[in-house]
Amino acid sequence: QPVRVSDLPLSPLATEWMQLSERHGSYTTAMAYQAFKDRNFSPHGKGIPSLGIGAPPIWLALELLNDSDSERELIFELANGWQDDIRLSHFAADGSEAHWSGGDIHKNAADNRFFRVNLSIKPGVSVLLLRVEGPDPRVLPVYLTSRENTAKRERAEAYSYGFLYGGIVALLGYNFLLYLGIGSRSYLYYSVFLLTFLWLNLSYTGHGSAWIWPSLDHWRQWSNPLLMTLYCITGLMFALRFLGIDKLRPRLSQIVLGLAMLMMLVQAVAFYIDDRALALIVAFDLVYIFSLLMPLLGIMAWHFGMPIAKLFLLASVSTMIGMSTTALTVDGVLPFNQWTYRAAEIGMFIDAMLLALALAAKFRQSEQERTLAKRLAATDPLTGVDNRRAFGEHLLQSWNQSRDLRCRALIMIDIDKFKSINDSYGHDVGDKVLTDIARSIRYSIRNRDHCGRWGGEEFVVLLPNATEQEIAAIAERIRQNIELLRFPRPADSLKVTASVGVCVDEGLSHYEDILRRADEAMYSAKAAGGNRIVFV
Ligand SMILES: Nc1nc2c(ncn2[C@@H]2O[C@H](COP(=O)(O)OP(=O)(O)OP(=O)(O)O)[C@@H](O)[C@H]2O)c(=O)[nH]1
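How each quantity is defined
Here the residue numbers are simple positions, counted from 1 along each chain's written sequence. Totals for whole chains, interfaces and linings use all residues, but because this is a predicted model, local features are given only for residues with pLDDT of at least 70 and pairs of side-chain atoms are given and counted only at 80 or more. Side-chain metrics in this entry use all non-hydrogen atoms of the structure; hydrogen atoms and water are not considered. One heavy atom within 4 Å of a molecule or strand is enough for the residue carrying it to be called near that molecule or strand. Polar contacts, as counted here, are pairs of nitrogen or oxygen atoms within 3.5 Å of one another; within protein the pair requires one atom able to donate a hydrogen and one able to accept it, and residues that are adjacent in sequence qualify only if both atoms are side-chain atoms. Secondary structure follows DSSP: runs of H or I at least 4 residues long count as helices, runs of E at least 2 residues long count as strands, and numbering of each begins at the N terminus. In this count, Pro and Cys sit with the nonpolar residues alongside Ala, Val, Leu, Ile, Met, Phe, Trp and Tyr, while Asp, Glu, Lys and Arg are called charged and the others, Gly among them, polar. With a 1 Å grid laid over protein atoms only, a set of points is called a cavity when a 1.4 Å probe fits there but cannot get out and a pocket when it is open yet has protein on both sides within 12 Å along at least five of seven lines; lining residues have an atom within 4 Å of a point. Grid points are joined across faces, edges and corners, and a volume is the space filled by probe spheres set on the points. Domain segmentation is taken from an automatic or database assignment of domains. For Phe, Tyr and Trp, where Trp contributes only its six-membered ring, two rings pair if their centres lie within 6.5 Å, and the inter-plane angle classes them as stacked under 30 degrees, edge-to-face over 60, or tilted in between. Using a 1.4 Å probe on the protein chains alone, a residue whose accessible area is under 20% of its type maximum counts as buried, one over 50% counts as exposed, and one in between counts as partly exposed. To sit over a ring, a charge needs its Lys NZ or Arg CZ within 6 Å of the ring centre and within 35 degrees of the ring normal. Think of a patch as exposed residues, more than 30% relative accessible area, with no salt bridge, where like charges cluster within 9 Å and nonpolar side chains (Val, Leu, Ile, Met, Phe, Trp, Tyr) cluster within 5 Å. Computed with a 1.4 Å probe, the accessible areas rest on the Shrake-Rupley method; for each residue, only the protein chains presented here act as cover. We define a salt bridge as a contact between a side-chain nitrogen of Lys or Arg and a carboxyl oxygen of Asp or Glu at a distance within 4 Å. In this description, a nonpolar core means a group of buried Ala, Val, Leu, Ile, Met, Phe, Trp, Tyr and Cys residues linked to one another through side-chain atoms lying within 4.5 Å. By definition, residues are in contact when any of their heavy atoms lie within 4.5 Å. Paired strands, in this sense, are two strands between which DSSP finds at least two bridges. Only the stretch in contact is used when a helix axis is fitted, and all axes are lines through C-alpha atoms; the angle between N-to-C directions ranges over 0 to 180 degrees. Every helix has an expected span of 1.5 Å times one less than the residues it contains. Here the bend at each residue means the angle between axes fitted to two seven-residue stretches, the one ending at that residue and the one beginning there.

Student: Quick rundown of the site of the ligand? Include the residues and the values.
Tutor: The ligand sits among 16 residues. The nearest are Lys417, Phe418, Lys419, Asn422 and Asp431. Within the backbone of Phe418, an N or O atom sits 2.7 Å from an oxygen atom of the ligand. In the environment of the ligand, an oxygen atom lies 3.0 Å from a nitrogen or oxygen atom belonging to the side chain of Lys526. Counting only elements with at least two residues in the shell around the ligand, the list comes to β11 (408-415), α13 (418-425) and α14 (427-444). At four residues, α14 tops the list of elements feeding residues into the shell around the ligand. Each residue belonging to the shell around the ligand can be placed in one class, and the counts come to four nonpolar, four polar and eight charged.

Now the structure itself:
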């Protein structure tokens, strides 16, 4: 049944095709045409013709009926930029013939990224005969539509590719800048992964051949398998680093990378012996392993309790879904449209975006960890106030910041006879006394004052911006509140007191002087019997 040129579908031709494989010997165009007329072609079946890697050359034929009395202009386009040798013949109703050829092995085959031919279909029944040869996956989405429909499709594709490439380039540039700024290797690995993703996209969409490397004939044929391999390897390297598997499971990490490198070596050998079918099989196998391995690594990291692993898992599952959708579309299980056919691209793009989000989440997490570590390093674990180092830093900082007009003071507090508390009630009670005293001091001071543990049973308080009356009141409050502390059994009869030394700064030249003088004052208080305040 010839297909009416007025009824041609907007999607690629599928059930319309008749096919003949060159499995049992090759044909010239005339022989194939004769075979078609002798009804030796069989119906192609459903889906876009898809024959896998290294399939023998295939002939596809289509009978066209132009039942009008004028010529019809159509555009034939094989929307797949990686076939080696494409030949198209048109046998018109009036007996005239036209022939075209294209594909990767033909130098600068077309000024378009795909093999494209303008056809004039004369009234009557004519035959289109297409032959495709090459080791690459033989997926043959052929559009046969009017000039307007082709332009419409081209415009939609241009927008979508603009969006895709724009998105990847923006992510790539941003993450590379983050690497330069922050120096974290994860950003570098991610940028390299995005670069290979961009490069691979340029390669298999035909944009690279059309615009970037039109004269690199050898590269044009090899770019797909080599870039697929590189994409998987950089993706794995990023995942191992990002998920921390290189540190948690270094052996596993080494095995995965070793296998990836082995694949790269096989590709180098395939390149050397010029066996592209081998390179393609290795590349596709690696892609399948990759799309299974990535979620597995995500699950493993999840198992290790890494919160970002969920985002990573979601990202790799989106690639898996995309890839299977494209595969099912090519096989004719799912209906063909730009979304289903290009689902792998969309899945990988969503993957890349989710990974950027995961990187940001990881950055936030490590920032929080850093802040926590900094706080822990500055805090006395028993009492929760600043430790000696942190208090010293704070004192120095506030000293440098303001040579204040109003006076400031430093209070040194030492618990009286603390050793005997330890000796009589044990260390646990001693610890409880220290904790309660720290809490009591914090309760006695103002919000802007700063408290620290200076030594075993010694505390310090810095009072900025305080009048002499305020200083005296706070020091007295501290002393009194310590004296009022009560403890549970067995220390219910225990009464604790402290000796307090106060140094009011009236133009001291060095911050250590205030510490030394407050210490001296505290010792004077202790020497005078304790439980008192001495001012200097
Ligand atoms: N329970 C407990 N004891 C501590 C801690 N840090 C230091 N100490 C004890 O504090 C005691 C301090 O003893 P001394 O320096 O002789 O001071 P003191 O007994 O208070 O004597 P005076 O200061 O002269 O009143 C020592 O026995 C230390 O073991 C701690 O974190 N917990």
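From this point, the narrative continues.
Student: Talk me through empty space enclosed by the protein; I want residue IDs and the actual numbers.
Tutor: Under the counting rule described, the total for this entry stands at one cavity of 30 Å³ or more. Each pocket or cavity is described by its volume, and for the largest cavity that value is around 30 Å³. Per-class residue counts for the lining of the largest cavity are two nonpolar, six polar and two charged. Here the lining of the largest cavity spans two domains, and each of domain 1 (3-145) and domain 2 (150-367) adds at least three residues to it.

Student: Any details on the packing of aromatic side chains? Residues and values, ideally.
Tutor: Summed over the entire model, instances satisfying the criterion amount to 18 aromatic pairs. Ring geometry for Trp222 versus Phe271: centroids 4.9 Å apart, planes at 80 degrees, classification edge-to-face. Residue Trp222 is found in helix α5 (residues 217-242), and its partner Phe271 is found in helix α7 (residues 250-272); the two are separated by 49 residues along the sequence. Residue class for Trp222 comes out buried when judged on its relative accessible area of 0%. Here the aromatic residues Tyr190, Phe193, Phe197, Tyr231, Phe238, Phe242, Phe290 and Phe312 are joined through ring pairs into a cluster of three or more. Looking at Arg342, its charged tip hangs above the ring of Tyr161, at a distance of 3.9 Å from the centre.

Student: Describe a nonpolar patch on the surface, with residues and values.
Tutor: The grouping of Ile255, Leu259, Leu262 and Leu265 at the surface amounts to a nonpolar patch, some 410 Å² of accessible area in total. Here Leu259 lies in helix α7.

Student: Mind laying out the pattern of salt bridges, listing which residues take part and the relevant values?
Tutor: Summed over all chains, the structure comprises 33 salt bridges. For Arg220, the salt bridge identified is with Asp104, shortest N-O distance 3.9 Å. Pair noted here: Arg220 is in helix α5 and Asp104 is in the loop between β7 (97-102) and β8 (115-121), with a separation of 116 residues, a long-range link. Note on Asp104: relative accessible area 6%, which makes it buried. Asp416 is the salt-bridge partner of Lys526, the closest N and O atoms lying 3.2 Å from each other. Of the two residues, Lys526 is situated in helix α16 (residues 511-527) and Asp416 in the loop between β11 and α13; the sequence distance between them amounts to 110 residues. Sharing partners across several salt bridges, the network here consists of Glu22, Asp85, Arg87, Arg131 and Glu133.

Student: Kindly report on the nonpolar core, identifying the contributing residues and their values.
Tutor: Core analysis: the biggest nonpolar cluster contains 55 residues, and Tyr190, Tyr231 and Phe242 have the highest contact counts within it. Contributions of two or more residues to this core are made by α2 (147-182), α3 (185-204), α5, α7, α8 (276-303), α9 (309-330) and α11 (343-378). Sequence-distant contacts of Phe242, that is, excluding residues within four places in its chain, are made with Ser186, Ile308, Phe312, Ala358, Leu359 and Lys362. Counting residues in hydrophobic clusters, the runner-up holds 34 residues, among them Ile411, Ile413, Ile415 and Leu463.

Student: Mind laying out the pairing of β7, listing which residues take part and the relevant values?
Tutor: Pairing between strand β6 (residues 85-91) and β7: six bridges, direction antiparallel. Residue pairing for β7: Ile86 is matched across the bridge by Gly102.

Student: Before we move on, could you go through unusual backbone geometry and cite the residues and values that matter?
Tutor: For the peptide bond that leads from Arg489 to Pro490, omega is 5 degrees, which places it in the cis range. Along the chain, Pro490 falls in the loop between α15 (468-483) and β14 (498-505). If you check the backbone angles, Arg39 has positive phi at about 60 degrees while not being a glycine.

Student: Report on the sheet that holds strand β12 (residues 450-453), specifying residues and quantitative values.
Tutor: Consider a sheet: its strands pair through backbone hydrogen bonds, and that pairing is either parallel or antiparallel. Taken together, five strands build an open sheet; the order of strands is β12-β13-β11-β14-β15 and the sheet is mixed. Every interior strand has two partners, whereas the edge strands, β12 and β15 (533-535), have only one. The sheet shows a mean angle of 15 degrees between the axes of neighbouring strands, direction not considered. Bridge count for β11 against strand β13 (residues 458-463) is six bridges, and the pairing is antiparallel. By the bridge assignment for β13, Asp414 is matched with Glu458. Sheet strands in contact with helix α12 (residues 388-401) are β11, β12, β13 and β14, and its direction is about 20 degrees off that of β13.

Student: Could you give me a rundown of α5, with the residues and numbers involved?
Tutor: The end-to-end C-alpha distance of α5 is 37 Å, a good match for the 38 Å that 26 residues give at a rise of 1.5 Å each. At Ser223, α5 shows its largest kink, close to 50 degrees, and the proline Pro225 lies no more than four residues downstream. Within α5, 21 of the 26 residues are buried, which leaves the element mostly enclosed by the surrounding structure. Backbone geometry just downstream of α5 places Gly244 in the positive-phi region, at approximately 75 degrees.

Student: Give me the lowdown on the sheet that holds strand β5 (residues 72-78), citing residues and values where you can.
Tutor: Spatial ordering of the open sheet is given by β8-β5-β10, a layout of three strands whose pairing is antiparallel. Two strands lie at the open edges of the sheet, namely β8 and β10 (142-145), each paired on one side alone. Within this sheet the neighbouring strands show an average axis-to-axis angle of 15 degrees, counted without direction. Sheet topology note: the β5/β10 ladder contains four bridges and is antiparallel. By the bridge assignment for β10, Leu78 is matched with Val142. The sheet strands contacting α2 are β5, β8 and β10, and the helix crosses β10 at an angle near 130 degrees.

Keep in mind that these numbers describe shape and distance, not what the molecule does.
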